[in-house]
Amino acid sequence: MSLSLSLEEAPRQRPSTVSEVVESARVVVEHAFPPLWVEGEISNFKTYPSGHWYFTLKDPAAQLRCVMWRADARRVPATPQEGLKVFARGELTVGTKRGELQLVVRQLLATTEGGFYAIALERARAALEKDGLLDPARKRPLPLYPRVIGVVTSPEGAVWHDIVAVVGRRWPATELVLVGARVQGDGAVEDLCRALALANRLTALELLIVGRGGGSKEDLWAFNDERVARAVAASRVPTIAAVGHETDVTLTELVADVRAATPSAAAEKAVPERADLVRRLAAVGAGLGSAVSRRLQLAEERVRHASTRLGGAVDRRLAATGERLRRHAARMVASCDARLAARQADLSRLGASLDALSPLKVLDRGYAVARDDRGRVLRRVGDFPPGRAFRLRVTDGEVPARAEPRP
Amino acid sequence: MSAERRPPSLEEDLNRLDAIVRALETEDVDLDRALALFEEGVERLRTARERLADAGLRLRQLREAADGGLKLDDLDR
């Protein structure tokens, strides 16, 4: 027996599959809407490892799922944060997997002043500041006469030629090393970081210039990238940054040791004027000459002075010692005191050491005093008969010596 | 690629020359030392002048070689 009780009517036609319905909706939606701008607030933002972005745009009443493919997302200078108000331009479709209405975003702009550029710049600046990289105390002085200067820039741009021209004119005594990098567009950031690291591997490098000529904000953008700024900050040698024109200041320039308004100005800061150095060398040469002749004159005077003093001092001391000895001898004879006999021995030791003591300062300078075996100072040629043994008192002791036979 | 150990730079030469002139101007150094300093000064002055005289701007390009090493090629002006 069969149960023929039917509460529902069976479909009169073959039912569509889910896929068919969603696919039909997708075709209709895609045809019905040309690319359009949508204004809304970012929520549920997610970056996938593939580089695609998924998020929801919402207003107080509704929300719209959005996807931004990697190739489009990477052109946005900053990752949007929750709640950011944006303008999104893209095409509507229906995502087949979830059957959801979806905006495929091609272009994303922040509604705030300066857009994503301002947001990215502020984030990068804050991160660099947090790590102390914007601290003026970090700035290193440039070498005065660099022998090897690296230049990180585009091999095709005018920057390299400008720098070659200026350095060649001012200071040819150097070597300029070009380290090529794309300076704008896709891959510029990676290229600049790689070139900065490569240049730093050159052990002879003493100074690094990084720069490019003028351009739009987008053209200069790589130089506002946190990675490029950090690569400049990490340079082993001092850096000069010159990006765009006078009015453009990029993060790279804030981090560099010196900022130049233009590449030519960077070259001028990098090397001195040859003519200035020629003058300086002449001045040093003159200074050297006059200092040494003054020094020689002084030395001569000192020798004269010292020899006079030496003679005088020794004579005076010997005379004084002799006088004391005579006095004591006389008293000794008079009293025949046994204690005086002992003092006589002290006194003769004193006499000998007094002798040795006074010229010590003079001996320090390289003079020597010749004495005979009784300690008398030998002053004249006549004091040195050939074969005579004597002692030379020098600053740190005595040397036995003998007079050679004279020719 | 340039040697690791290099002769003193012009900057070092000039700093040393300034120090020599200062030392000679004070009276603290003895005469032998003063003469040695003077000779050193004359020599450094000579090398500094030579470096300026025969200097020609040299241009090169740095690349990373396939083996990861550094490659320096001469460039024309």
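Whatever comes next refers back to the structure up there.
Residues numbered from 1 in each chain as written. Chains lettered and ligands numbered in written order. Predicted model: local features only at pLDDT ≥ 70, side-chain atom pairs only at ≥ 80, totals over all residues. Heavy atoms only, no water.

A. Summary view of the overall build of chain B. Broken down by element type, chain B carries two helices and two strands. For chain B, the sequential pattern of α-helices and β-strands runs α-α-β-β. The proportion of buried residues among the 77 residues of chain B is 30%. In chain B, 35% of the contacts between residues at least 6 apart in sequence involve partners at least 24 apart. In the form shown here, chain B has an accessible surface area of approximately 4900 Å², with 46% of it arising from carbon and sulfur atoms. (Helix = DSSP H or I, 4+ residues; strand = E, 2+ residues; numbered from the N terminus. Buried < 20%, exposed > 50% of the residue type's maximum accessible area, 1.4 Å probe, protein only. Contact = heavy atoms within 4.5 Å. Areas by Shrake-Rupley, 256 points an atom, 1.4 Å probe, with all protein chains shown as cover.)

B. Focus on the overall build of chain A. Broken down by element type, chain A carries 11 helices and 13 strands. Across the 407 residues in chain A, those meeting the buried criterion constitute 41%. Total accessible area on chain A stands at roughly 23100 Å², and carbon and sulfur atoms take up 56% of it.

C. Expanded view of the environment of A:Gly215. Residue and element names in this part refer to chain A. Within the fold, glycine 215 resides in the loop between β8 (207-212) and α6 (226-233). Classification of glycine 215 as partly exposed rests on a relative accessible area of 33%. Spatially, the C-alpha atoms of glycine 215 and glutamine 184 are 9.5 Å apart, while their sequence positions differ by 31 residues.

D. Representation of the pattern of salt bridges within the structure. For the structure on display, the rule yields 36 salt bridges over all chains. B:Asp18 is the salt-bridge partner of A:Arg280, the closest N and O atoms lying 2.9 Å from each other. Of this pair, A:Arg280 sits in helix α9 (residues 274-335) while B:Asp18 sits in helix α1 (residues 10-25), placing the two residues on different chains. The class of A:Arg280 is partly exposed, set by a relative accessible area of 25%. Judged by its relative accessible area of 26%, B:Asp18 falls in the partly exposed class. Several salt bridges share partner residues, and in doing so they unite A:Asp72, A:Arg75, A:Glu91 and A:Arg106 into one network. (Salt bridge = Lys/Arg side-chain N within 4 Å of Asp/Glu carboxyl O.)

E. Spotlight on unusual backbone geometry. The backbone of A:Asn44 shows a phi angle near 50°, a positive value even though the residue is not glycine. In this fold, A:Asn44 is placed in strand β1 (residues 36-47).

F. Molecular detail of the interface of chain A and chain B. Listed as interface residues are 47 residues of chain A and, on the opposing side, 48 residues of chain B. At the surface where chain A touches chain B, the tally comes to three salt bridges. Here A:Arg201 ties to B:Glu64 by a salt bridge, and the two come within 3.3 Å at their closest N and O atoms. Here chain A is connected to chain B by 10 residue pairs in polar contact (both at pLDDT 80 or more). Within the residue set of the side of chain A that touches chain B, elements represented by two or more residues are α4 (158-170), β7 (175-180), α5 (188-200) and α9 of chain A. Of all the elements, α9(A) adds the most residues to the side of chain A that touches chain B, at 19 residues. Residue composition of the side of chain A that touches chain B, by class: 31 nonpolar, seven polar and nine charged. Examined bridge by bridge, β7(A) and strand β1 (residues 58-64) of chain B share four bridges and lie parallel to one another. Counted as the bridge partner of A:Leu178 is B:Gln61 from β1(B). (Polar contact = N/O pair within 3.5 Å; in protein donor to acceptor, adjacent residues only side chain to side chain. Nonpolar A, V, L, I, M, F, W, Y, C, P; charged D, E, K, R; others polar. Pairing = 2+ DSSP bridges.)

G. Molecular detail of the packing of α4(A) against helix α8 (residues 263-270) of chain A. Residues and elements named next belong to chain A. Interaxial distance between α4 and α8 falls to 8 Å at its minimum, and their mutual angle equals 35°. α4 and α8 meet at a crossing whose hand is right-handed. Across from Val159, Asp162, Ile163, Val166, Val167, Arg169 and Arg170 in α4, the residues of α8 making contact are Pro263, Ser264, Ala267 and Glu268. In terms of residue class, the contact of α4 with α8 is built from six nonpolar, one polar and four charged. (Axes fitted to C-alpha atoms, helices over the stretch in contact; angles between N-to-C directions. Left-handed = near helix turned anticlockwise from the far one by under 90°.)

H. A look at the pairing of β1(A). Residues and elements named next belong to chain A. As defined by bridge partners, β1 adjoins strand β4 (residues 85-95) across six bridges and the pair is classed as antiparallel. Bridging across to β4, leucine 36 finds its partner in glycine 90. The pairing of β1 with strand β2 (residues 53-58) spans five bridges and is antiparallel. Each residue of the ladder has a partner; that of serine 43, found in β2, is threonine 56.

I. The arrangement of a nonpolar patch on the surface in detail. The grouping of A:Trp37, A:Phe87 and A:Leu109 at the surface amounts to a nonpolar patch, some 280 Å² of accessible area in total. Along the chain, the position of A:Leu109 falls in strand β5 (residues 100-110). (Patch = residues over 30% accessible without salt bridge, like charges linked within 9 Å, V, L, I, M, F, W, Y side chains within 5 Å.)

J. Seen up close, the sheet that holds β8(A). Read from one edge of the open sheet, seven strands run β10(A)-β9(A)-β8(A)-β6(A)-β7(A)-β1(B)-β2(B), paired in mixed fashion. Looking at which strands have only one partner, the edges of the open sheet turn out to be β10 (258-259) of chain A together with β2 (70-74) of chain B. Pairing of β1(B) with β2(B), which is carried by five bridges, proceeds in the antiparallel orientation. When the sheet's bridge partners are listed, B:Gln61 is paired in β2(B) with B:Asp73. With respect to the sheet, α8(A) is in contact with β6 (148-153), β8, β9 (239-243) and β10 of chain A, its orientation differing from that of β9(A) by roughly 160°.

K. The arrangement of the packing of aromatic side chains in detail. All names here are of chain A. In total, this model carries six aromatic pairs over all chains according to the counting rule given. Relative to tyrosine 54, the ring of tyrosine 48 lies with its centre 4.6 Å away and its plane at 65°, an arrangement referred to as edge-to-face. Overall, tyrosine 48 belongs to the partly exposed group, its relative accessible area being 39%. Plain terms: the ring middles of phenylalanine 384 and phenylalanine 390 are 4.9 Å apart, the flat faces sit at 80° to each other, and that makes the pair edge-to-face. Each residue in the set Phe45, Trp53 and Phe55 is aromatic and connected to the rest through ring pairs, giving one cluster. (Phe/Tyr/Trp six-rings, centres within 6.5 Å; stacked < 30°, edge-to-face > 60°.)

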